[in-house]
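# Results of the structural survey
The primary structure of each chain is shown beneath.
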Amino acid sequence: MQPGDWFKIEFRKEPRKLKGFTMTLNRSGNDYPRAYEVYILPPGGEKWTGPVAKGKGRRNKSTVVKFKKPLDVQAIKIVQKGTAGNHWSIHEFTFDVVK
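What comes next is a walk through the structure. Keep in mind that this is a model prediction, so the values were computed, not measured. (Residues numbered from 1 in each chain as written. Predicted model: local features only at pLDDT ≥ 70, side-chain atom pairs only at ≥ 80, totals over all residues. Heavy atoms only, no water.)

## A look at the sheet that holds strand 6 (residues 75–80)
Rules: For two strands to be treated as a pair, DSSP must find at least two bridges joining them. Here a helix means four or more residues in a row that DSSP labels H or I, a strand means two or more in a row labelled E, and each is numbered from the N terminus. Lines fitted to C-alpha atoms define the axes here, with helix axes fitted over just the stretch in contact, and angles between the N-to-C directions of these axes take values from 0 to 180 degrees.
In space, the 4 strands of this open sheet follow the order 1-6-3-4, with antiparallel pairing throughout. Looking at the sheet topology across the chains shown, the edges are occupied by strand 1 (6–10) and strand 4 (49–55). When strand polarity is set aside, the average angle formed by the axes of neighbouring strands in this sheet is 20°. Sheet analysis places strand 3 (residues 36–41) next to strand 6, joined by 6 bridges and oriented antiparallel. Counted as the bridge partner of V38 is I78 from strand 6.

## What about the pairing of strand 2 (residues 16–24)?
As judged from the 7 bridges shared by strand 2 and strand 5 (residues 63–73), these two strands associate in the antiparallel manner. Bridging from a neighbouring strand, T22 pairs with V64 of strand 5. Both strand 2 and strand 7 (residues 92–97) contribute to a ladder of 6 bridges, which runs antiparallel. Bridging from a neighbouring strand, T24 pairs with E92 of strand 7.

## What to know about the side chain of Q74
We count it as follows: Pairs of N or O atoms within 3.5 Å make up the polar contacts considered here, provided that, within protein, one atom can donate a hydrogen while the other can accept it, and that residues adjacent in sequence are counted only when both atoms are side-chain atoms. Two residues form a contact once any of their heavy atoms are found within 4.5 Å.
By secondary structure assignment, the location of Q74 is in the loop between strand 5 and strand 6. From its side chain, Q74 meets the backbone oxygen of F11 in a polar contact 2.3 Å long. Sequence-distant contacts of Q74, defined by excluding residues within four places in its chain, comprise I9, E10, F11, R12, E14, P15, L41, P42 and P43.

## Overview of the nonpolar core
Let me state the cut-off plainly: Nine residue types can take part in a nonpolar core, namely buried Ala, Val, Leu, Ile, Met, Phe, Trp, Tyr and Cys, and a core is a set of them joined through side-chain atoms within 4.5 Å. Exposure is judged per residue with a 1.4 Å probe applied to protein chains only, and the accessible area is read against the type maximum: over 50% gives exposed, under 20% gives buried, and values in between give partly exposed.
Grouped together as the largest cluster of nonpolar side chains are 19 residues, with contacts concentrated most on F21, V38, V65, F67, V73, I76 and I78. Listed by contribution, the elements that provide at least two residues to this core are strand 2, strand 3, strand 5 and strand 6. Counting residues per element, this core draws most heavily on strand 5, which supplies 4 residues. What V38 contacts, discounting residues up to four positions off in sequence, is F21, P51, V52, A53, V65, F67, I76, K77 and I78.

Written as structure tokens, this is what we have:
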């Protein structure tokens, strides 16, 4: 895990309006993000916007990311800003979708 590592999630079929999301670790409790920034690609956009959220994960805890307001999102990119001698793992994403 080092600064600049990133994950990207694309909503290919159609954009989503999100309040945020949760990254779950399951059995990889020490692989939490030491520090992160979240960027979004708006529908039809060509440039990343953000960071729209920043934070730090916690050992053995899911990382919950909340946006200040709901955002229309075509893709999300989570960029690692911290450093650790182990991996950065995400076992599951749960999206907080506006219905």
